[in-house]
Amino acid sequence: MSINIRPARQEDQETIISYVRQARINPRNLHWQNFLVAEEDHKIIGIRQVKTHTQGTREVASGFVLPEYRRQGISARLMKELLASENGPLYTMVNEKRTPYYEQFGFRRVDVSQLP
């Protein structure tokens, strides 16, 4: 399996929207420019974005890998590439059961009162 991680392109927007709907995650601020995609044989198989909120806070969000490609490290590769290209603080809001996954990338739980 040869998987390529790359910045999204304008022609990826429709696929990004489709995957976000399929994942039932927050559909706001879906701008292809904010995404990295994982692809195999020119097929997008995973996505991840950093979105910037109005006050400038940056959030790791909209992560999704097609079911048939899960448990192969694709999500982790997207996350590592994304973190390598970012500087400054990043935040994420995740379900309690996903906390251990994000902790392996250096995220830590904080109280809501500590958020910007």
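Up top you'll find the structure we're talking about.
Residues numbered from 1 in each chain as written. Predicted model: local features only at pLDDT ≥ 70, side-chain atom pairs only at ≥ 80, totals over all residues. Heavy atoms only, no water.

Working definition: the strands of a sheet are paired by backbone hydrogen bonds and lie parallel or antiparallel to each other. The four strands lie next to each other as S1-S2-S3-S4, forming an open sheet whose pairing is antiparallel. Taken across any chain shown, the strands that pair with only one partner, and hence form the sheet edges, are strand S1 (4–7) and strand S4 (58–65). Strand after strand, the sheet turns through a mean of 20° between neighbouring axes, direction not considered. By the bridge criterion, four bridges tie S1 to strand S2 (residues 35–40) in an arrangement that is antiparallel. Of the residues in S2, the one forming a bridge with Asn4 is Glu39. Contacts from helix H1 (residues 13–23) reach S2, strand S3 (43–52) and S4, with the element oriented near 85° to S3. Here helix H2 (residues 74–84) sits on the sheet and contacts S1, S2, S3 and S4; the angle it forms with S3, its principal contact strand, is near 40°. (Pairing = 2+ DSSP bridges. Helix = DSSP H or I, 4+ residues; strand = E, 2+ residues; numbered from the N terminus. Axes fitted to C-alpha atoms, helices over the stretch in contact; angles between N-to-C directions. Contact = heavy atoms within 4.5 Å.)

Taken together, the buried positions of H1 are occupied by Gln13, Ile16, Tyr19 and Val20. Down the axis, H1 shows its buried residues gathered within 125° of arc, on one side only. Every exposed residue of H1 that faces more than 90 degrees away from the buried side is listed here: Glu14 and Arg21. Arg24 sits one or two positions beyond H1 and adopts a positive phi of about 60°. (Buried < 20%, exposed > 50% of the residue type's maximum accessible area, 1.4 Å probe, protein only. Arc of directions from axis to C-beta.)

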